[in-house]
Amino acid sequence: MRYSVPGKARLFCLLAVLPLAAIARTEVYVPLGSANAVAVVDTDADQVVAEILGVPASHGLGVSWDGRFLVAGSLVERPEGVLPPKPEVMPVEEHAAHHEIGTPYVPEQTEKSKSVGSVYLIDAEARRLLRQIDVPGSVHHVLITPDGKYAVATHPGRGSVSVIDIHGHQFHKELSTGPAPNYAVAKRDGTRVYVSNAGNGTISEIDTATWTVLRDLPGGKSPEHIVISPDERHIYAVDPGEGIVSRIDLAQAKVTESYPVGKDSHGVDLSDDGRLLYASSKGDNRLVVQNLASGERRTVALEPAPYHVTTVRGTGKLYVSSRQSPQIWVLDQQSLALLGSIPIRGEGHEMGVVNR
């Protein structure tokens, strides 16, 4: 026997199902530094909904483009073979399992390499640690390549970056870039990674097929945080000492513009549409917003010490952490209206956005 559903009932069923199928959420993952954890922020509610524990002195964070994995870096160095401290809430067996590795990084027998650093591979959906992987030293910032195969971690104290094989759960290669490498960004096709070297004013262009440095671009006096433009023609680099953001033309291999920010400038990002450049000044307690088309410059007072800046893609929001206060400010990308703030533990460092 066949049954028919009245038209109104069919419409009701369709309306009931469509919202569930269309549901999407955006999460922001925030390394909490001294809190030894990574916070999970629901951007609809602008609040922390979970924490991933067990990442000592978490600072750098890379997010895979499909949202499956995170790679978090630790600022802590430790003797080779010694595990990081176990979180109080974690069973001993679970802690040991998290720190199993495939092919470990084996340092050369030099005075410089008697200690190692760590990165942590995290299942973003399950919100749990999968593996701890030894790398040559303390980790500052982290990038996951667009294909999700590798992570790049900067080592300012060594003048190098580590390349981590994500699928193999192991250290792959150490690559020298320049003095005090700080931040890394990639082209969308994943063929090039760019690393800022604060110690010599350059940005290294890396070929990811061979993991070799192709050229060193001028990056201003001391480039740190960087962001690549949507058309991939320019890199914008923050120079804390000069209090500016420099625009580097990749084709011309030169600095073509600079934008004033203020004392101890730090974070940088671009609006979803690429028209607005955001940069923070810790020393002047402000966010500076530069309209790249019109030249208009606006400032927003944020106190104390605005720090990392992250465009929350697809939401129209901008997140700005504080270096001195356990909070993240939430602003409207276009109007710059302050929409609220998010209490956190520790300090908010390199934030990663996942659109699900």
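Residues numbered from 1 in each chain as written. Predicted model: local features only at pLDDT ≥ 70, side-chain atom pairs only at ≥ 80, totals over all residues. Heavy atoms only, no water.

1. Quick notes on the pattern of salt bridges
In the structure shown here, the tally under the stated rule is 15 salt bridges. Salt-bridge contacts for E232 lead to R188; the nearest nitrogen and oxygen are separated by 3.7 Å. With a gap of 44 residues between them, E232 in the loop between β17 (226–228) and β18 (234–239) and R188 in the loop between β13 (181–186) and β14 (192–197) connect regions that are remote in the sequence. For R188, a relative accessible area of 48% gives the class partly exposed. In this structure, D207 engages R192 in a salt bridge whose closest nitrogen and oxygen atoms are separated by 3.6 Å. With D207 in strand β15 (residues 202–207) and R192 in strand β14, this pair connects stretches of sequence that are 15 residues apart. Assessed through its relative accessible area of 23%, R192 is described here as partly exposed. Each of R25, E27, E125, R127 and R356 takes part in one network of salt bridges that share partners. (Salt bridge = Lys/Arg side-chain N within 4 Å of Asp/Glu carboxyl O. Helix = DSSP H or I, 4+ residues; strand = E, 2+ residues; numbered from the N terminus. Buried < 20%, exposed > 50% of the residue type's maximum accessible area, 1.4 Å probe, protein only.)

2. Side note on empty space enclosed by the protein
In this approach a probe as big as a water molecule rolls over the atoms, and the regions it shows empty are the leftover space. Throughout the structure, instances matching the rule amount to 1 cavity of 30 Å³ or more. A volume near 40 Å³ is recorded for the largest cavity. Lining the largest cavity, in full, are Y259, P260, V261, L277, Y278, A279, V288 and Q290. Within the residue set of the lining of the largest cavity, elements represented by two or more residues are β20 (254–260), β22 (276–281) and β23 (286–291). (1 Å grid on protein atoms, 1.4 Å probe; cavity = no way out; pocket = protein on both sides within 12 Å on 5 of 7 lines; lining within 4 Å. Points joined across faces, edges and corners; volume = space filled by probe spheres on them.)

3. Quick word on the sheet that holds strand β19 (residues 244–249)
A sheet is described by the order of its strands in space; here 4 strands give the open sequence β17-β18-β19-β20, paired in antiparallel fashion. Here the strands that pair on one side only, and so sit at the sheet edges, are β17 and β20. On average, each strand axis in the sheet is inclined to that of its neighbour by 20°, with strand direction left out of account. (Pairing = 2+ DSSP bridges. Axes fitted to C-alpha atoms, helices over the stretch in contact; angles between N-to-C directions.)

4. A few points about the pairing of strand β27 (residues 327–332)
With respect to burial, β27 is a largely interior element, 5 of its 6 residues being buried. Across 5 bridges, strand β26 (residues 317–322) lies against β27 in antiparallel orientation. From the neighbouring strand, L318 faces β27, where its bridge partner is L331. Between the end of β27 and the start of strand β28 (residues 338–343), which pair antiparallel, lie 5 residues, with L336 showing a positive phi angle near 65°.

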